Amino acid sequence: MAKKEDNKFTIQFNPADPQHAQTISILNQQGRRKAQFITNAVMHYLHCSNTPEIPQAAPIDTAAIETIVRRIMEEQNKPLSVPEKETAKSEPQRSKPKTESIRFDEAAELLGEDGVAAIANTMAMFRRK
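The structure presented is a predicted model; accordingly, all values stated were derived computationally and were not measured.

Take the overall build of the chain next. Scanning the chain from terminus to terminus reveals 5 helices and 0 strands. The order of helices and strands in the chain, counted from the N terminus, is α-α-α-α-α. In the chain, the proportion of contacts linking residues at least 24 apart, taken out of those at least 6 apart, comes to 60%. Accessible surface, the chain: about 11,800 Å² in total, of which carbon and sulfur atoms supply 55%.

This is how it looks when you write it as structure tokens:
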């Protein structure tokens, strides 16, 4: 879907990130000249030989997301402190899916704390509905 107006943008910063917090402060000091300030900053960044390359977003690793979702689902489906012997008698054993090729720790590191929390929150929302 195309934007209504190409010249308008909405951007939200994370005040918990120190660099974002500093940027918020700097932009708020600009008053009604934020657009010119951002334009000057972008042009300088693109044309200055001392600036690093603009980082590209990492490709989405669906296997890592799947691993995290499966782990969250397993943790949320665990019975509360039921001894193993009782569980084995009362419930048939379910085999684990064999698609997990990435360790949870690796996937969690890849997505970061916010990514894992977002997936957990999404799963919780699905369960409520």
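Where charged atoms from two side chains of opposite charge come close, those side chains can pair. Applying the stated criterion across every chain yields a total of 2 salt bridges. In this structure, Lys8 engages Glu5 in a salt bridge whose closest nitrogen and oxygen atoms are separated by 3.7 Å. The exposure class assigned to Lys8 is exposed, which follows from its relative accessible area of 51%. Of the residues examined, Glu5 reaches a relative accessible area of 38% and is grouped as partly exposed. Notably, a salt bridge pairs Glu66 with Arg70, separated by 2.7 Å at the nearest N-O pair. Of this pair, Glu66 and Arg70 both sit in helix α3 (residues 62–77), 4 residues apart, which is roughly one turn of that helix. Residue Arg70 is classed as partly exposed on the basis of its relative accessible area, which comes to 24%.

Grouped together as the largest cluster of nonpolar side chains are 8 residues: Ala64, Ile68, Ile72, Ala107, Ala108, Val116, Ile119 and Met123. Counting only elements with at least two residues in this core, the list comes to α3 and α5 (104–128). Of all the elements, α5 adds the most residues to this core, at 5 residues. Apart from the residues within four sequence positions on either side, Ala108 is in contact with Ile68 and Val116.

The next thing to look at is the layout of surface pockets. In this model, the largest pocket occupies a volume close to 890 Å³. Lining the largest pocket are 22 residues, and of these Ile11, Phe13, Leu27, Ile38 and Val42 sit closest to its centre. Of all the secondary-structure elements, those providing two or more residues to the lining of the largest pocket are α1 (18–29) and α2 (34–47). Residues that form the lining of the largest pocket fall into these classes: 15 nonpolar, 6 polar and 1 charged.

Reading the values: rules and limits
Residues numbered from 1 in each chain as written. Predicted model: local features only at pLDDT ≥ 70, side-chain atom pairs only at ≥ 80, totals over all residues. Heavy atoms only, no water. Helix = DSSP H or I, 4+ residues; strand = E, 2+ residues; numbered from the N terminus. Contact = heavy atoms within 4.5 Å. Areas by Shrake-Rupley, 256 points an atom, 1.4 Å probe, with all protein chains shown as cover. Salt bridge = Lys/Arg side-chain N within 4 Å of Asp/Glu carboxyl O. Buried < 20%, exposed > 50% of the residue type's maximum accessible area, 1.4 Å probe, protein only. Core = buried A, V, L, I, M, F, W, Y, C linked by side-chain atoms within 4.5 Å. 1 Å grid on protein atoms, 1.4 Å probe; cavity = no way out; pocket = protein on both sides within 12 Å on 5 of 7 lines; lining within 4 Å. Points joined across faces, edges and corners; volume = space filled by probe spheres on them. Nonpolar A, V, L, I, M, F, W, Y, C, P; charged D, E, K, R; others polar.

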